[in-house]
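The residues making up each chain are set out below.
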Number of protein chains: 2
Amino acid sequence: MAPRWKGKAAEAKALAEPMSVVVSQLQSSLLESDSQGLLSGCAVLLEALPHQTELLNRACFGRPVITADKDKQWHQLSFEEALYLCFVLKCIKVVGENKCAKNDQELWRYMTAKRVGFPILFKAYSHLRRKNWVVRAGVQYGVDFVAYRYHPALVHSEYAVLALSDEDADANTRLKAWSDFHCTLRLCGSVAKTLLVLHISKNGNDAVSLSSLEHYSVEERIVTRWNPEVSRENQTMIVKK
Amino acid sequence: MAPRWKGKAAEAKALAEPMSVVVSQLQSSLLESDSQGLLSGCAVLLEALPHQTELLNRACFGRPVITADKDKQWHQLSFEEALYLCFVLKCIKVVGENKCAKNDQELWRYMTAKRVGFPILFKAYSHLRRKNWVVRAGVQYGVDFVAYRYHPALVHSEYAVLALSDEDADANTRLKAWSDFHCTLRLCGSVAKTLLVLHISKNGNDAVSLSSLEHYSVEERIVTRWNPEVSRENQTMIVKK
């Protein structure tokens with residue numbers, strides 16, 4: 001499926017500005033300013049300079065928080081986004097309520113305790129982000145994430161993503177019933193997305209530590225309906241002519 | 001939500017012909033002709049006389065099977081439909097491959113062995129049918145059933161129905177994850193149906209027998225999204241003016 005562009009200039013704009021480049025720029029900028037995120041419930045608040053705000057928006061991390069203060073811009077990061085910036089890109093620190101920076105392990109323990117199924121969700125998020133997909137929450141489509149090939153202002157999301165694990169009881173309740181499968185596929189079809197199921201396996205890593213995440217394997221499966229009319233051999237040949 | 005009629009004459013037609021009356025007529029007619037259904041895999045085939053064909057269609061049981069024989073019309077009934085006609089309305093007999101009529105218990109054992117979660121599905125089906133709802137398979141909407149207030153030719157279905165049981169492991173995989181909830185609600189919204197969740201409890205009946213079904217309790221829950229704009233008190237008052 002080709003990207004569904006938003007407007008005529010979108011394609012040129014997207015190709016001129018690869019996501020990998022934008023993320024690198026963001027990484028350097030946040031590193032340079034020694035940026036700190038602030039744990040706040042189930043989110044992380046990040047204060048950004050004006051040019052960082054622009055980079056965060058272009059790289060699609062977090063959502064701007066509207067405040068009265070015009071000089072400082074705050075961004076609300078999800079746990080996945082904050083941990084990705086902290087642990088994978090190593091460009092922010094996260095501090096708790098006591099203003100002390102948490103190390104990766106402390107942050108991991110906090111987040112896994114707060115969010116059910118977080119290890120599998122974070123593995124899925126970082127798996128796609130590392131491949132330069134833009135990953136956003138999929139709650140409005142009844143999935144874990146949606147994945148965009150370029151910036152969401154330029155394209156519609158292509159994939160509705162579910163992260164499943166046979167080993168993690170918290171992350172294995174979806175797609176067990178046929179009716180759930182039908183529901184998900186019908187909804188994906190109606191919003192022109194492809195269902196991408198990431199089957200994540202812990203490969204015997206019982207202790208769910210941040211370092212063991214590297215050894216998790218991710219199997220990508222695309223699920224689509226099989227249409228006999230389209231899939232018939234001679235029909236395909238006619239279409240190809 | 002008011003019924004969504006199909007066409008202008010639909011309402012008058014539906015009110016002139018209550019479903020309870022049509023089902024009674026069907027019941028008498030099938031009883032009179034000593035009708036027999038034939039078990040065939042996961043369906044029951046029922047041979048019908050021309051006026052019975054009309055009654056089956058009006059009462060919305062089964063689907064006509066197209067054959068070369070013009071005098072005999074066959075109808076394919078789902079397990080729920082066949083067992084409802086056999087056990088609740090007591091107007092057909094069902095025979096197996098050996099042409100011997102199965103008693104209710106034999107039929108029940110056959111069906112529960114063939115279909116995962118059948119006891120809960122049948123309880124849900126018969127619960128709604130007894131209240132004169134027309135119940136059809138909900139597979140295309142990712143639910144167990146859809147329920148129509150009148151004949152499907154006259155109205156769109158109002159409810160998308162899921163039958164859940166906390167006790168039956170086969171029937172409790174849906175709506176465990178928030179993403180599944182969101183998915184189901186969004187799909188129901190997009191096809192203008194209300195999600196009706198039937199929570200079925202066995203009330204301590206361990207043995208899943210046909211006779212114990214009577215003692216199952218059914219709790220009906222309607223699930224809708226809460227819209228703060230619509231639900232606000234003064235907003236409601238403005239709307240009411």
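Residues numbered from 1 in each chain as written. Chains lettered and ligands numbered in written order. Predicted model: local features only at pLDDT ≥ 70, side-chain atom pairs only at ≥ 80, totals over all residues. Heavy atoms only, no water.

Q: How would you explain the overall build of chain A if you had to name every residue and give the values?
A: Check the secondary structure of chain A and you find nine helices and eleven strands. Relative to the globule expectation of 18 Å for 241 residues, the C-alpha radius of gyration of chain A, 20 Å, shows essentially globular dimensions. Taken along the three principal axes of its C-alpha coordinates, chain A extends 65 × 45 × 30 Å. Long-range pairs, those at least 24 residues apart, make up 59% of the contacts in chain A with a sequence separation of at least 6. Element-wise, carbon and sulfur atoms account for 52% of the exposed surface of chain A, whose accessible area totals about 12,800 Å². Positive and negative side-chain charges in chain A, numbering 31 and 26 respectively, have mean positions lying 6 Å apart. (Helix = DSSP H or I, 4+ residues; strand = E, 2+ residues; numbered from the N terminus. Rg over C-alpha atoms; globule rule 2.2 N^0.38 Å. Contact = heavy atoms within 4.5 Å. Areas by Shrake-Rupley, 256 points an atom, 1.4 Å probe, with all protein chains shown as cover. Lys, Arg positive; Asp, Glu negative; His and termini not counted. Charge placed at Lys NZ, Arg CZ, Asp CG, Glu CD.)

Q: Give me the relation of the copies chain A and chain B: which residues, what numbers.
A: For the pair chain A and chain B, the superposition axis carries a translation of 0.0 Å, the fit reaches an RMSD of 0.0 Å, and the rotation angle comes to 180°. Expressed as a symmetry operation, the mapping of one chain copy onto the other fits a two-fold axis. Ranked by how close their C-alpha atoms come to the rotation axis, the residues of chain A are headed by Leu187 of chain A, at 2.9 Å. Both copies contact each other with a shared surface, as 100% of the interface residues of chain A are interface residues in chain B too. (Least-squares fit on C-alpha atoms with pLDDT ≥ 70 in both.)

Q: Give me the sheet that holds strand β11 (residues 217-223) of chain A: which residues, what numbers.
A: Residue and element names in this part refer to chain A. A sheet is described by the order of its strands in space; here five strands give the open sequence β7-β8-β9-β10-β11, paired in mixed fashion. Looking at which strands have only one partner, the edges of the open sheet turn out to be β7 (134-137) and β11. Going from strand to strand, the sheet's axes swing by 30° on average, the running direction of each strand aside. Strand direction decides the pairing type here: strand β10 (residues 194-201) and β11, joined by seven bridges, are antiparallel. Its bridge partner being in β11, Leu195 is matched across the sheet by Val223. (Pairing = 2+ DSSP bridges. Axes fitted to C-alpha atoms, helices over the stretch in contact; angles between N-to-C directions.)

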